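Here is what each chain is made of, one letter per residue.
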Amino acid sequence: MRVEGLTLVYHIWKYPPFAEARRGWDVWSNAIKPPRCAVQSKFSQPNFRQPNELRMASEAVLHFRRELTMKKRTFLKTASVLMAAPFISRMLSWAAPEKLRNWAGNLEYGTERMYSAESLEQVRRFVKEQSHLKVLGTKHCFNSIADSSDQFISLQPMDKEIALDSAARTVTVEAGIRYGQLCPHLDEQGFALHNLASLPHISIAGACSTGTHGSGVGNGNLASAVSELEFVLASGEVVRLSRERDGETFRGAVVGLGTLGVITKVTLDIQPRYTMRQYVYENLPFDQMKDHFEAIVSSAYSVSLFTDWQKHRVNEVWLKSRVEEGKSGEAPEEFFGAKRATKNLHPIAELSAENCTEQMGVPGPWYERLPHFRMGFTPSAGKELQTEYFVPRQHAVDAILAVERLRDQISPHLMITEIRTIAADNLWMSPCYHRDNVAIHFTWKPEWPEVRALLPMIEKELGPYQPRPHWGKLFTMGAAPLRASYERLPEFVELSRRYDPKGKFRNGFLNQYIFGS
Ligand SMILES: Cc1cc2nc3c(=O)[nH]c(=O)nc-3n(C[C@H](O)[C@H](O)[C@H](O)COP(=O)(O)OP(=O)(O)OC[C@H]3O[C@@H](n4cnc5c(N)ncnc54)[C@H](O)[C@@H]3O)c2cc1C
């Protein structure tokens, strides 16, 4: 039966009217060979590291297969006549296209239609043609803020540094570039950024659009370094805004949540390059944290407290300090009752510290100490969910102790919590707008039903402290309290309507939480 079936397929294949289908097949089957080879050669390398490189290799394959989706579609369309035969249709069913997902894999996007732009002109032309679309950065958001059911545009090929102005201390980059691509290049030229997030893998435009942050009482979020923006509006028109010239409009646009248009260029403040050291301490008692919170979070340039909420203690304290000439890099063995670690650690104790930036006081460039995770390695855990709430820093201890009350419900579903501080800024939609914040973050196991049930409890405990959720992470807070916590939201909505009158860049998430419709 099987042999007869295949023989029949062969004859249908040879039949001239199906030449178009055959051509489609050739294009497709030839095209999927390269990534297979790439994976094989990756595996055959002696220093192949699992699961990081396996993940990267498989991501490369998935990306390649997605790029091919359109070719596959052409092929399947022209071959659709073949599908009439049930056995053939079964044979082709393995060819179902991969679904496009976010980095963590918890969100399947509403469409796989992806246009990859290589120039400002291409962005303008494409945006003009579409009725609805969203920009996808590096897909590291956990919620549907970036989602579209119509069309995506990616600026990943637009990843060049355009100009470094050493007198003005600025660097201008194309919007598709990731921090991990820009930073080493910037360092080589003698410059640095003021801060970085826990990972360098994310796009600069995507990170600034959601108010992504690192840590440090004196450090604003990453968007606070933006001094100019270029973006393409729904009409295809190009707008350039600068901190100096455009005042409030600029401050409204920087944390733009992807609503205003497609960012094509970003200019960032830079400063002379610096060297850093990172020390990790273990087991800081909560009572110490309670009594000395300000001293602890101000004790280094960037401080992160990691806790699993068990045993009334902070499991790990990460202190990142700038190396200052003439000052010893030695760190005391004890820090508020915590003990200095004797080896490199991962924030999630069970995971390999190989993925993490160098610790133990070893000096290194700023961009290899500010993030916790190394470029080219899996950041965090990989298969996970994330949530984060910002509360004013003056309420930090009360807010942390309020969450601690839920430890028995939280811990079974938690990988780790991270507590960081971020300085106030003046960007309308930034969670740090006009308030110094503490951010309480949760890296969850991929158990959404349980996590979804927990989030309202955490939000209720944090309720008295005016919590604002991270724009790119998971939360259950209603639209009304969220909207009410942003005093410049009405002006932001007005700005969005001016730049995008027909809502070309809106989606379900934005309609719900920003536009209230
Ligand atoms: C492992 C991990 C660690 C993380 N660590 C941190 C952390 O330390 N601190 C923190 O604050 N967050 C952190 N995040 C969250 C993450 O940094 C943010 O969600 C960030 O927005 C991701 O950027 P992206 O380019 O991947 O965004 P995407 O999900 O691709 O897009 C985010 C938003 O930006 C918009 N956008 C992207 N590019 C453009 C453009 N060119 N023009 C207009 N709009 C655009 C999208 O439309 C969308 O609205 C982490 C996430 C992960 C997965």
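Now for a look at the structure at hand.

Cut-offs applied
Residues numbered from 1 in each chain as written. Predicted model: local features only at pLDDT ≥ 70, side-chain atom pairs only at ≥ 80, totals over all residues. Near = placed C-beta within 6 Å. Helix = DSSP H or I, 4+ residues; strand = E, 2+ residues; numbered from the N terminus. Domains from an automatic or database assignment. Buried ≥ 20, exposed ≤ 12 C-beta atoms within 10 Å, placed from the backbone. Contact = placed C-beta atoms within 7 Å. Pairing = 2+ DSSP bridges. Axes fitted to C-alpha atoms, helices over the stretch in contact; angles between N-to-C directions. Left-handed = near helix turned anticlockwise from the far one by under 90°. Nonpolar A, V, L, I, M, F, W, Y, C, P; charged D, E, K, R; others polar.

1. Comments concerning the site of the ligand
Stage number 1. Around the ligand sit 35 residues in total, of which Gly 137, His 140, Gly 206, Gly 258 and Gly 472 are the nearest.
Stage number 2. Of all the secondary-structure elements, those providing two or more residues to the shell around the ligand are strand 2 (134-136), helix 9 (204-209) and strand 9 (262-269).
Stage number 3. With 4 residues, the top contributor of residues to the shell around the ligand is helix 9.
Stage number 4. A domain split of the shell around the ligand shows at least three residues from each of domain 2 (154-272 + 486-513) and domain 3 (275-477).

2. Thoughts on the environment of Thr 138
Stage number 1. Looking at where Thr 138 falls in the secondary structure, it is placed in the loop between strand 2 and strand 3 (152-154).
Stage number 2. The exposure class assigned to Thr 138 is buried, which follows from the 22 C-beta atoms found within 10 Å.
Stage number 3. Along the backbone, Thr 138 and Ile 204 are 66 residues apart, and their C-alpha atoms lie at a distance of 9.3 Å.
Stage number 4. The contacts of Thr 138, once residues within four sequence positions are left out, are Trp 103, Arg 178, His 201, Ile 202, Ser 203 and Gly 206.

3. Here we look at helix 10 (residues 243-253)
Count 3.6 residues to each turn of an α-helix, and residues three or four apart come out pointing the same way.
Stage number 1. Considered for burial, the residues of helix 10 that qualify are Phe 250, Arg 251, Gly 252 and Ala 253.
Stage number 2. Of the surrounding elements, those touching the buried residues of helix 10 are strand 7 (226-232), strand 8 (238-242) and helix 16 (489-499).

4. Comments concerning the sheet that holds strand 3
Consider a sheet: its strands pair through backbone hydrogen bonds, and that pairing is either parallel or antiparallel.
Stage number 1. Spatially, 1-3-2 is the arrangement adopted by the 3 strands of the open sheet, whose pairing is parallel. Since the sheet does not close on itself, it has two edges, and those belong to strand 1 (114-116) and strand 2, each with one partner. Ignoring strand direction, the axes of neighbouring strands in this sheet form an average angle of 35 degrees.
Stage number 2. With 3 bridges joining them, strand 1 and strand 3 adopt parallel strand pairing. When the sheet's bridge partners are listed, Tyr 115 is paired in strand 3 with Ile 153.

5. A short note on the packing of helix 12 (residues 396-404) against helix 14 (residues 448-462)
Stage number 1. Across the interface, helix 12 lies against helix 14 with an axial gap of 9 Å and an inter-helix angle of 145 degrees. The handedness of the crossing between helix 12 and helix 14 is right-handed. Along the contact surface, helix 12 presents Ala 399, Ala 402 and Val 403, while helix 14 presents Ile 458, Glu 461 and Leu 462.
Stage number 2. Here the contact of helix 12 with helix 14 is composed, by residue class, of 5 nonpolar, no polar and 1 charged.

6. Here we look at the pairing of strand 13 (residues 313-322)
Stage number 1. Taking burial as the measure, the 10 residues of strand 13 include 8 buried ones, the bulk of the element.
Stage number 2. Note that strand 11 (residues 275-285) and strand 13 share 9 bridges and pair antiparallel. Among the inter-strand pairings, Leu 284 is bridged to a residue of strand 13, identified as Val 314.
Stage number 3. For strand 12 (residues 302-307) and strand 13, the ladder comprises 5 bridges, and the chain directions are antiparallel. Within the sheet, the bridge partner assigned to Val 303 lies in strand 13 and is Leu 319.

7. A short note on the sheet that holds strand 5 (residues 170-174)
Stage number 1. On the basis of which strands lie adjacent, the open sheet formed by 5 strands has the order 4-5-9-7-8 and antiparallel pairing. Every other strand in the sheet has two partners, leaving strand 4 (161-165) and strand 8 as the edge strands with one partner each. If you compare each strand with its neighbour and ignore which way they point, the axes differ by 10 degrees on average.
Stage number 2. On the sheet, helix 7 (residues 120-129) packs against strand 7, strand 8 and strand 9 and is oriented at approximately 140 degrees with respect to strand 9.
Stage number 3. Helix 10 contacts strand 7 and strand 8 of the sheet and is inclined by roughly 105 degrees relative to strand 8.

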